[in-house]
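What follows is each chain in one-letter form.
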Amino acid sequence: MERSMKSSEKNRYKPVDELRQLLGNLENQKFVLDCGHHVTFNEVLGNNVTILNGKSLRIICSLCGY
C-alpha cells in the first residue's frame with residue numbers, strides 16, 4: 001500500500017508547468033539521444049523521449065524505452 005505524502009513533502013515539488021517551461025526552452029533544438037536516435041523538440045513529427053531517472057539521467061526515445 002502506498003503511503004500518503006505529508007504536506008511538507010508535497011511543498012518541495014514544483015508544478016509541472018515549471019518543467020514544461022524549462023523544456024520549452026529547447027524548442028527546435030536537435031539532439032542525438034543516448035539510444036542513438038534523434039529528437040527535435042516541439043516538432044510535429046519529432047520523437048518522444050523517455051527520461052530514466054537515477055544517478056545520471058539517461059534520455060532515450062520512447063520506442064527504445066519499451
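Note on numbering: residues in each chain are counted from 1, in written sequence order. For a predicted model such as this one, the threshold for reporting local features is a pLDDT of at least 70, and the threshold for listing and counting side-chain atom pairs is 80 or more; totals across whole chains, interfaces and linings nevertheless cover every residue. Hydrogens are left out, water is left out, and the side-chain values use all remaining heavy atoms of the structure.

Undergrad: Just to check I follow, could you spell out the overall build of the chain for this structure?
TA: Along its length, the chain carries two helices and four strands. Counting from the amino terminus, the chain carries its helices and strands in the arrangement α-α-β-β-β-β. Just to be clear, the radius of gyration here is over C-alpha atoms, and the globule rule we use is 2.2 Å times residues to the power 0.38. For 66 residues, the compact-globule estimate of 2.2 N^0.38 gives 11 Å, and the chain exceeds it by more than 25% at 15 Å. The principal-axis extent of the C-alpha atoms belonging to the chain is close to 40 × 25 × 20 Å. Here the term buried applies to any residue with accessible area under 20% of the maximum for its type, exposed to any over 50%, and partly exposed to those in between, with areas from a 1.4 Å probe on protein chains only. A buried classification covers 11% of the 66 residues belonging to the chain. Contacts were defined at the residue level, with two residues in contact if any of their heavy atoms lie within 4.5 Å. Sequence separation of 24 or more characterises 21% of the internal contacts of the chain that already satisfy a separation of 6 or more. Accessible surface computed for the chain: about 6200 Å², of which carbon and sulfur atoms make up 52%. Lys and Arg are tallied as positive, Asp and Glu as negative. Neither His nor the chain termini are counted. Charged side chains are reduced to one point each, which is NZ for Lys, CZ for Arg, CG for Asp and CD for Glu. For the chain, the distance from the average position of its 9 positive side-chain charges to the average position of its 7 negative side-chain charges is 9 Å. For helices the rule is a DSSP run of H or I covering at least 4 residues; for strands it is a run of E covering at least 2, with both sets numbered from the N terminus onward. In short, Shrake-Rupley with a 1.4 Å probe defines the accessible areas, and a residue's cover is counted only from the protein chains shown.

Undergrad: Looking at this structure, I do not really get the environment of Asn-25. What am I missing?
TA: Structurally, the position occupied by Asn-25 is in the loop between helix 2 (16-24) and strand 1 (30-32). A C-alpha to C-alpha distance of 32 Å links Asn-25 and Lys-6, two positions 19 residues apart in sequence.

Undergrad: When you look at the packing of aromatic side chains in this model, what are you seeing that I'm missing?
TA: A ring pair, where both rings are aromatic, is described by two values, the distance of the centres and the angle of the planes. Stacked, edge-to-face and tilted are the three classes for Phe, Tyr and Trp ring pairs, Trp counted by its six-membered ring, which pair at centre distances within 6.5 Å; planes under 30 degrees apart are stacked, over 60 edge-to-face, the rest tilted. Counting across every chain of the model gives one aromatic pair. Ring centres of Phe-31 and Phe-41 lie 5.9 Å apart, and the angle between their planes is 75°; this geometry places the pair in the edge-to-face category. One end of the pair, Phe-31, is in strand 1; the other, Phe-41, is in the loop between strand 2 (38-40) and strand 3 (49-52), and 10 residues separate them in sequence. Note on Phe-31: relative accessible area 33%, which makes it partly exposed.

Undergrad: Just to check I follow, could you spell out the pairing of strand 3 for this structure?
TA: A regular strand carries its side chains on alternate faces of the sheet. Note on pairing: DSSP must find at least two bridges between two strands before they are called paired. Strand direction decides the pairing type here: strand 3 and strand 4 (residues 58-61), joined by four bridges, are antiparallel. Residue pairing across strands places Leu-52 opposite Arg-58, the latter belonging to strand 4. The hairpin turn running from strand 3 into strand 4, its antiparallel successor, is five residues long.

Undergrad: Help me understand the pattern of salt bridges, please; the structure alone is not making it clear to me.
TA: If charged atoms from side chains of opposite charge come close, those side chains can pair. Salt bridge, as applied in this entry: a Lys or Arg side-chain nitrogen positioned within 4 Å of an Asp or Glu carboxyl oxygen. All told, the structure shown has one salt bridge when counted by the stated rule. Notably, a salt bridge pairs Arg-20 with Asp-17, separated by 2.5 Å at the nearest N-O pair. Note that Arg-20 and Asp-17 are positioned in helix 2 at a spacing of three residues, about one turn of the helix.

Undergrad: Just checking my understanding: could you explain the environment of Leu-23 for this structure?
TA: Along the polypeptide, Leu-23 turns up in helix 2. The exposure class of Leu-23 is partly exposed, given its relative accessible area of 37%. Considered as a pair, Leu-23 and Val-44 are 21 residues apart in the sequence and their alpha carbons are 16 Å apart.

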